[in-house]
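Residues per chain, in single letters:
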Amino acid sequence: MSKGNVGVPGFRFLPSKNNRAMWKIEKEINSMILKVVKQRNEASYEKDLLQMIPEGAKSYIDYYGPSTDSFRDNFIVDNCKNIYFAGHETTTITASWSLMLLAAHPEWQARARTEVLEICGDSLPDANML
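Everything quoted here is computed from the prediction, not taken from an experiment. (Residues numbered from 1 in each chain as written. Predicted model: local features only at pLDDT ≥ 70, side-chain atom pairs only at ≥ 80, totals over all residues. Heavy atoms only, no water.)

Some points on the environment of Asn30
No. 1: Its place among the elements puts Asn30 in helix 1 (residues 17-42).
No. 2: For Asn30, a relative accessible area of 17% translates into the label buried.
No. 3: A sequence separation of 21 residues divides Asn30 from Pro9, and the C-alpha atoms of the two residues are 25 Å apart. (Helix = DSSP H or I, 4+ residues; strand = E, 2+ residues; numbered from the N terminus. Buried < 20%, exposed > 50% of the residue type's maximum accessible area, 1.4 Å probe, protein only.)

Some thoughts on the packing of helix 1 against helix 3 (residues 69-104)
No. 1: Where helix 1 contacts helix 3, the two axes come as close as 10 Å, and the packing angle between them is 90 degrees. In terms of their interaxial angle, helix 1 and helix 3 are classed as roughly perpendicular. Together, Ile29, Asn30, Ile33, Leu34 and Val37 of helix 1 and Asp73, Ile76, Val77, Cys80 and Lys81 of helix 3 make up the contact between the two elements.
No. 2: Considering only residue class, the contact of helix 1 with helix 3 consists of seven nonpolar, one polar and two charged. (Axes fitted to C-alpha atoms, helices over the stretch in contact; angles between N-to-C directions. Parallel < 35°, antiparallel > 145°, perpendicular 65-115°, else oblique. Contact = heavy atoms within 4.5 Å. Nonpolar A, V, L, I, M, F, W, Y, C, P; charged D, E, K, R; others polar.)

Quick look at the nonpolar core
No. 1: One finds Ile33, Val37, Ile53, Ala57, Ile76, Val77 and Cys80 forming the largest nonpolar core, which totals seven residues.
No. 2: Counting only elements with at least two residues in this core, the list comes to helix 1, helix 2 (49-64) and helix 3.
No. 3: Take this core: its biggest share by element is three residues, from helix 3.
No. 4: Apart from residues lying up to four places away in sequence, Val77 is in contact with Asn30, Ile33 and Leu34. (Core = buried A, V, L, I, M, F, W, Y, C linked by side-chain atoms within 4.5 Å.)

Comments concerning the packing of helix 1 against helix 2
No. 1: Close contact between helix 1 and helix 2 brings their axes to 9 Å; oriented N to C, the two are set at 100 degrees. On the basis of the axis angle, helix 1 is roughly perpendicular to helix 2. Side by side, helix 1 and helix 2 meet where Val36, Val37, Arg40 and Asn41 of the first sit next to Leu50, Gln51 and Pro54 of the second.
No. 2: Within the contact of helix 1 with helix 2, the residues separate by chemical class into four nonpolar, two polar and one charged.

Structure (structure tokens):
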């Protein structure tokens, strides 16, 4: 059974041992994301999604009026988390469907197995084999 305190309104705001640990982890994750975004913006990479998120935060703030740095930081962190979890879920669903289709079509499974054995042989696959 879960050790969570389900049903107690506002419990997540009390400074219990577990809540303090969660707050610490959340701060650490947020600072890591902001550090990566800052490094990416300072580098001279081609423009990508990670560089466009702070620009989106700036244009949002410009449109809706002045706000604090914490709002901007929360906007950036929340969008990065959304992109991460969306990518994770997409990958999971794709892998699940691939396995389901291979199970439903044994001839495809045999062809895929043969191709993998041709390329990999008895060794474990690595990035160079792709």
